[in-house]
Amino acid sequence: MSDSDTLQQTKIERLTDLLEAGVHYGHQTKRWNPKMREYILEERNAIYIIDLEQTIDQLSSACDFLKQTVAKGGRVLFVGTKKQAQEAVKEAAEVTKQFYINQRWLGGTLTNLQTIRKSVGRWDQIDAIEASPNYHRMNKQEASSLRREANRLKHNLSGIRQMTKLPDVVVVIDTPREEIAVAEANRLGIPVIAIVDTNCDPEKIAYPIPGNDDAIRSIRIILQHLVDAIVTSTGKKGGAEPAPKAVALDGISE
């Protein structure tokens, strides 16, 4: 089989995988952004169908950029706070040892990182207090108040506790929902990779990946490709081989 035949076969396999995951399903035609017109293949039953050929091309560009960025030591922040994305975003970040936010985007996370670091410092302080002998001498009300504060900080900051400087790229699920995150990244010149559904504005995204950002399987399969790119760049696997099971996101079979 020639190289061109192999590439064509790979593309067909990717198209099939994306189709099975429902990546091609956009929103209802009444809920769309005209700027997504170039990525729409057709209208079917009042729903826009995304052109998966373009999805593959855009996904490939995003993966190449991720490989180059991480190979140079760059860090990635995954963002997805909607229910369908929360677990997949956390898994993607943990597998690749990158950062994530999957509960709530705190305004200023990027543009005012120093304030976020102060909150992390407070969390560290509470941990130190709880580990000290004095903690057991506190009354129940004081101890309970500290625990609630620590839980709140953990809930919001677990995925960025070690993020001491700005990330080099931000990966976003559902750009309308995460518009503040996108705006902060754009303001600071941090490239954004994002799944852009038919209701999104792709012009705000450096590497837009046309696709369904509501279905769990769609989110996971696209994240899996991005995870594979990062893992490849860190030398844990080579070439274009399938990701080892150890780094496959739950729910995505290779």
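Report on the accompanying structure. Nothing here was measured: the structure is a model prediction, and the numbers come from that model.

### Focus on the overall build of the protein
Then comes step 1: The number of helices and strands found in the protein is seven helices and eight strands.
Then comes step 2: Burial status across the protein gives 47% buried among its 254 residues.
Then comes step 3: The long-range share in the protein, meaning contacts at least 24 apart out of those at least 6 apart in sequence, stands at 63%.
Then comes step 4: Of the roughly 13300 Å² of accessible surface on the protein, 47% is carried by carbon and sulfur atoms.

### Regarding the packing of aromatic side chains
A ring pair, where both rings are aromatic, is described by two values, the distance of the centres and the angle of the planes.
Then comes step 1: Inspection of the entire model under this criterion finds two aromatic pairs.
Then comes step 2: Taking the centre distance of 5.1 Å and the plane angle of 45° together, the rings of W32 and Y48 count as tilted. Note that W32 is positioned in the loop between β1 (25-28) and β2 (40-44) and Y48 in strand β3 (residues 47-50), a separation of 16 residues in sequence.
Then comes step 3: On the basis of an interplanar angle of 20° and a centroid distance of 4.6 Å, the ring pair of F65 and Y207 is categorised as stacked. Placement of the pair is F65 in helix α2 (residues 52-71) and Y207 in strand β8 (residues 207-210), with a sequence separation of 142 residues.
Then comes step 4: Overall, the relative accessible area of 16% leaves F65 in the buried class.

### A short note on the side chain of R161
Then comes step 1: By secondary structure assignment, the location of R161 is in the loop between α5 (140-157) and β6 (169-173).
Then comes step 2: Here D124 takes part through its side chain, which lies 2.7 Å from a polar atom of the side chain of R161.
Then comes step 3: In contact with R161, not counting residues within four places along its chain, are R117, V120, W123, D124 and D127.

### Some words on the environment of Q54
Then comes step 1: Locating Q54 in the fold gives a position in helix α2.
Then comes step 2: Remark: the alpha-carbon pair of Q54 and I209, spanning 155 residues in sequence, is separated by 8.2 Å.
Then comes step 3: Residues in contact with Q54, not counting those within four places in the same chain, are E38, Y39 and P210.

### What about helix α7 (residues 216-233)?
Then comes step 1: With 18 residues, α7 should reach 26 Å at 1.5 Å per residue; the first-to-last C-alpha distance of 26 Å fits that figure.
Then comes step 2: Burial analysis of α7 places 14 of its 18 residues in the buried class, which makes it a mostly covered element.

Scoring rules and cut-offs
- Residues numbered from 1 in each chain as written.
- Predicted model: local features only at pLDDT ≥ 70, side-chain atom pairs only at ≥ 80, totals over all residues.
- Heavy atoms only, no water.
- Helix = DSSP H or I, 4+ residues; strand = E, 2+ residues; numbered from the N terminus.
- Buried < 20%, exposed > 50% of the residue type's maximum accessible area, 1.4 Å probe, protein only.
- Contact = heavy atoms within 4.5 Å.
- Areas by Shrake-Rupley, 256 points an atom, 1.4 Å probe, with all protein chains shown as cover.
- Phe/Tyr/Trp six-rings, centres within 6.5 Å; stacked < 30°, edge-to-face > 60°.
- Polar contact = N/O pair within 3.5 Å; in protein donor to acceptor, adjacent residues only side chain to side chain.
- Expected span 1.5 Å × (residues − 1).

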